[in-house]
Each structure stands twice: as structure tokens, then as C-alpha cells.
Amino acid sequence: MLYLCATPIGNLGDISERVLDTLRSVDVIAAEDTRQTIKLLNHFDIKKQMIAYHEHNRYEMTPVLVERMLGGEDIALVTDAGTPAISDPGEDLVRACHKAGVSVTSLPGATAFTTALTLSGMSARRFTFEGFLPQDKKEQKPVLERLKNTTVTTVFYEAPHRLVRTLEVLRECVDGRKIAVCKELTKKHEWMKLFDSVADCLVFFKDEEPKGEFVMVIEGCDQAELAAKEQAAWSEMSIDEHMDVYLSQGMDKKEAMRCVAKDRGVSKRDIYQALLDK
């Protein structure tokens, strides 16, 4: 079996007894960084063989680990901190296990994005976790488009050396929204600061050098604000052009007028009269 073992994101007291028992009982521990995991094992006096499993060796190591489990071994997968298979290559191993018929179980525990989300005070009824913002502009584009138009809270991870550059990109997209920035979560010097805008956040970090791994929580845009943006975009088109958008989809004129009226925030009678006047 594969055991996905959540480890603390800072405070070692957050590890569960179930995870500790599992780490002691498995045949081998697959660790993202064995140098980090050995500190955890030494703290809890666990002596166990470790294998490195990370971004740079996952393609060669995934079949090796699956083969060992098919041979009868139990393997625990741990990441540097938090829950495996979230923003790390553990998801590849999980998929390979499902394909090969190897049983998988997950031992829950700390996760940085949920910890930051609850600290921020922003709406958590619905939210999106984006992980790290892609550095390639082509890959960034769809992420930023979603962010620009979403009404739900969005959570990002970011490294200290990229934080200011990422904030500059976000400022162009969502400057008017609140942003919470967290680091050292669950540790002695846990830190969270709430800013009224990304611009304010940038000013802060241009004076304060970013240190540590960061989690950013960004509020969604207001429903009314989003509707106003959409109406403004449609109003740049003539009513004839707007009608053509729906007529080209096979709608009849009556249905098209209804859709155009809804897009523009007016009544269907207004659209009908405008077309008659023209």
C-alpha cells in the first residue's frame, strides 16, 4: 500500500499519532527531500530506510516504487512539509498506483493553503487553489484571466525571490482587491498581514525584503463589479453586432434579444425599440 503522510508545515506538534505509527511500520519512506525528512524522523526517534522521490527523478522512480509495492512492500510518501500530492510530484505516484492496482490511503494533516485561508478571514465557502503562478507568460494568461473574473477567493504559493515580481503581475490584474500574505505558518514567528490592495502590498515588500515561503490569499471580485465590467464590455459593441453574436449561434431573434438585454442590463423592450429605431 501507498500511505500519503501529511507532515507538519512548521510546528512539529501538528503531526498525528497515526502518521507517526505509519512511518514506524512501513518498509520504506519516499521523501521529497531526505535531508529535511531525516530531521523529522530523528526528532521522533524513527529509524527507517528512505528513498528520494522528487520533481527531478519522478519519471524513473515512479515505476520502481510501484514495483516494490506490487512485490508486497508498504511505502509512506512525505513531502518537505504539509500534505503530499499538493503542488508536488506525489500525484504522479498516486495515479500510477491506481493504474497498477496498488491500494492508496491518505493520512490527513497540515496544509499551508487551508491554514492561510482560515487566517485571512476571507470567504472560504468557495475558493480556488492555484499553487505557484506560472512564470511563462503564455501559461500565466489563462490563470490571470480566471483570477480577473472570479468571484471566489484564490490562494497562491510563492517563493521569496519571486514574490515582488508575482505581485507586480497581480497588480495589473486585481489591484483593487484585498490580499492577505502569510509566512512561517504554525511556527513561533507566524506572520500574516492583510492589505487593502496589491499595490499596498508591493510598497510594503519593496521596503521589506521577502524571506521565507509565502502563501497569498486574494479576495474575489464583487458580483456587482463583475456584472458592471461585463456590461461595459458589451456596450462597446453596437446592438446589431451584439445580436449577431447570438444569431450566429443559431438562436432565433426573440431569444437573441433576450440575451442581449440581459448582457446590457436593460429590458428586452429597450433592445426591440433600438432595433426598430435603427
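Up top is the structure these notes are about.
The following paragraphs examine the structure supplied in this document. No experiment lies behind these values; they were computed from the predicted model shown. (Residues numbered from 1 in each chain as written. Predicted model: local features only at pLDDT ≥ 70, side-chain atom pairs only at ≥ 80, totals over all residues. Heavy atoms only, no water.)

**A few points about the overall build of the protein**
Consideration 1: Each helix and strand in the protein was counted, giving 12 helices and 10 strands.
Consideration 2: A compact globule built from 278 residues should have a C-alpha radius of gyration of about 19 Å, whereas the protein, at 25 Å, is more than 25% larger.
Consideration 3: Projected onto its principal axes, the C-alpha coordinates of the protein cover approximately 85 × 50 × 30 Å.
Consideration 4: In the protein, of all internal contacts separated by at least 6 residues, the share reaching a separation of at least 24 is 69%.
Consideration 5: When the accessible surface of the protein is totalled, it reaches about 15300 Å², and 49% of it is carbon and sulfur. (Helix = DSSP H or I, 4+ residues; strand = E, 2+ residues; numbered from the N terminus. Rg over C-alpha atoms; globule rule 2.2 N^0.38 Å. Contact = heavy atoms within 4.5 Å. Areas by Shrake-Rupley, 256 points an atom, 1.4 Å probe, with all protein chains shown as cover.)

**Description of the pattern of salt bridges**
Consideration 1: Throughout the structure, instances matching the rule amount to 15 salt bridges.
Consideration 2: Ionic pairing is found between glutamate 145 and lysine 148, a salt bridge with its closest N-O pair at 3.4 Å. Here the residue glutamate 145 and the residue lysine 148 both occupy positions in helix α6 (residues 137–149), the gap between them amounting to 3 residues, near one helical turn.
Consideration 3: Residue class for glutamate 145 comes out partly exposed when judged on its relative accessible area of 36%.
Consideration 4: For lysine 148, a relative accessible area of 30% gives the class partly exposed. (Salt bridge = Lys/Arg side-chain N within 4 Å of Asp/Glu carboxyl O. Buried < 20%, exposed > 50% of the residue type's maximum accessible area, 1.4 Å probe, protein only.)

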